[in-house]
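Structural overview
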Amino acid sequence: MQQVIRAPWDGAALGEIELADDASAERAVMRAEQAFSVVRAMPSHARRDALRKIASSIATRAEELAGKLALEAGKPISMSRGEVARAVSTFELAAEEATRIEGGVMPLDAEHEGTWRRVARGPVLGIAPFNFPLNLVAHKVAPALACGASIVLKPAPQTPLVALELDAIVRESGFPEHSLQVLPCDVAVAEKLVRDDRFATLSFTGSAAVGWHLKSIAGKKRVLLELGGNAAAIVHADADVAFAADRIGPAAFGYAGQVCIKVQRLYVHESIADDFIGRIVAAARALVPRAPMEPGVLSCLIDEKSAMRVASWVDEAKAHGGIALAESKREGNKLGATVLAFDGSGRGCRAVDEEIFGPVLTVHRYSDFDDALAMADDTRYGLQAGLFTDSRARVERAFERLHVGGLIVGDVPTFRVDSMPYGGTRDSGLGREGVRFAIEEMTEHKLMVVRRA
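Residues numbered from 1 in each chain as written. Predicted model: local features only at pLDDT ≥ 70, side-chain atom pairs only at ≥ 80, totals over all residues. Heavy atoms only, no water.

**Looking at the sheet that holds strand β6 (residues 151-154)**
What counts is decided by this rule: A pair of strands is labelled paired if DSSP reports no fewer than 2 bridges between them. Here a strand is any run of E in DSSP of at least two residues, a helix any run of H or I of at least four, and the numbering for each starts at the N terminus.
In space, the six strands of this open sheet follow the order β7-β6-β5-β8-β9-β17, with mixed pairing throughout. A single partner strand is all that each edge strand has here, and the edge strands are β7 (180-182) and β17 (429-430). By the bridge criterion, five bridges tie strand β8 (residues 201-205) to strand β9 (residues 222-226) in an arrangement that is parallel. When the bridges of β9 are listed, T201 appears paired with R222.

Below is the structure:
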């Protein structure tokens, strides 16, 4: 079946793809099995060199790929360029890690000695989201190839074109045929792939509801889930107000808030709250949706359905006691930045409790730091949190109290570099990405015991 891919900003047709049916999916799995036996036998230096070539090819085509990404995902061009640069870094990191997959030697008793190494579990199934259609694909493809695993990648239905561009780059890199297969398909075909025990690992990035459902049907394979969040940032009285405000604005509203570690909840000490919130509101009111190829950080949501959902959650929040300090009228899939102030935690409305994935920020005042920690941690999610304070004691207390995968001190929770162990607790996921850490998820220990003469 053919599917036309359209630009979120204006609906322009960008290309047409073929959706895989059951027969196509079966061929892909068989090819992945065959490719696995070849790619795992590649010397580590050959995998390293091929990964370097992929990184170099992406860098050479950086501006072209950024433009395609901006149009397909509706992502501002400045952020698209940043994503392409990160994808280069992800493959460069994978090249380095390909030759660093560790093993060891251990004495077992007087007569036996053991040696062990990490080996690829088997073919990988990757499922990627729309919001980072190149670099989050890279975070599945690069570690799989680095450790010697073939991979079948299902891109998001809204953004398959950039993933297919990467597929072409990988085919020219020196990896065996079918080491990577990009397979656009519908949900029914994707779920059959998830159930298929010929895949040894499932790596999924997307919503919590879908991720946990896929885990329930994944069988005995290893499952790596990078799911949603509703990240909090705490700004204490001793923080640099101007710096924190400058960081939080783009982190709350950039790419229309379609980032799983975007700042969604802001907790500000009452002694600086008026000044700080005033800065955030002024920044929000200055933002208007702009075409992705124009300068700016706010464009559009991926589709009108998403924008309608976000707008309805804002209305619900106002009915729940939230005061709109900045807000704009929805036009199709375009929304301006919204700031909602709550007297208290705001718990009980979805703009606070769930992942809004839109350009909305809720703000809350506090007087006691422990109360701020309690409100920030009062969620079923646990991806990342940000903390602005000059107190080492408060930092240590936050690190101990907040149930998150990462605490970012002196910056926003939106901070991520591609080498760090990235993932969440509770409903935010299972396992860790970051190239080295994803390789650990995709490999297992293999032991050889030798009886000494």
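Additional details are given in the paragraphs that follow.
**Remarks on empty space enclosed by the protein**
As a reminder, the rule being used: Only protein atoms enter the 1 Å grid used here, on which a cavity is any set of points holding a 1.4 Å probe that cannot leave and a pocket is any open set flanked by protein within 12 Å on both sides along at least five of seven lines; residues with an atom within 4 Å of a point are listed as lining. Grid points are joined across faces, edges and corners, and a volume is the space filled by probe spheres set on the points. Lys, Arg, Asp and Glu make up the charged group, whereas Ala, Val, Leu, Ile, Met, Phe, Trp, Tyr, Cys and Pro make up the nonpolar group; the residues left over, Gly among them, are polar.
Summed over all chains, the structure comprises one cavity of 30 Å³ or more. Taken as a whole, the largest cavity encloses approximately 100 Å³ of empty space. Taken together, 16 residues line the largest cavity, and the ones lying closest to its centre are R265, A376, T379, Q384 and V404. Of all the elements in the fold, those that place two or more residues in the lining of the largest cavity are α13 (369-377) and β15 (384-388). Residues that form the lining of the largest cavity fall into these classes: eight nonpolar, five polar and three charged.

**A word on the sheet that holds strand β18 (residues 443-451)**
What counts, and what does not: For helices, the fitted axis covers only the stretch in contact; all axes are lines through C-alpha atoms, and the angles between them, taken along N-to-C directions, range from 0 to 180 degrees.
Judged by pairing direction, the sheet is antiparallel, and its three strands sit side by side in the order β3-β4-β18 without closing on themselves. Two strands bound the open sheet, and with one partner strand each, they are β3 (103-107) and β18. The average undirected angle you get between the axes of adjacent strands in this sheet is 20°. Here five bridges tie β3 to strand β4 (residues 112-120), and the two strands are oriented antiparallel to one another. Of the residues in β4, the one forming a bridge with P107 is E113.

**Concerning the pattern of salt bridges**
What counts is decided by this rule: Note on definitions: salt bridges are taken to be side-chain nitrogens of Lys or Arg within 4 Å of carboxyl oxygens of Asp or Glu. Summary of the burial criterion: residues with accessible area below 20% of their type's maximum are buried, those above 50% are exposed, and those between are partly exposed, where the area comes from a 1.4 Å probe applied to protein chains only.
Per the counting criterion, the structure on display carries 39 salt bridges. The partner of R121 in a salt bridge is E444, and the shortest N-O contact between them spans 3.4 Å. Of this pair, R121 sits in the loop between β4 and β5 (124-127) while E444 sits in strand β18, placing them 323 residues apart in sequence. Since its relative accessible area comes to 24%, R121 is described here as partly exposed. A single salt-bridge network, built from bridges that share partners, covers R61, E64, K68 and E165.

**Quick look at the environment of V310**
Rules: Only heavy atoms enter the contact rule, under which two residues are in contact if any of them lie within 4.5 Å.
Looking at the secondary structure, you find V310 in helix α11 (residues 304-319). For V310 and A245, which are 65 residues apart along the polypeptide, the C-alpha to C-alpha distance reads 23 Å. Beyond its immediate sequence surroundings of up to four residues, V310 is in contact with L301, L335, I356, F357, G358 and V360.

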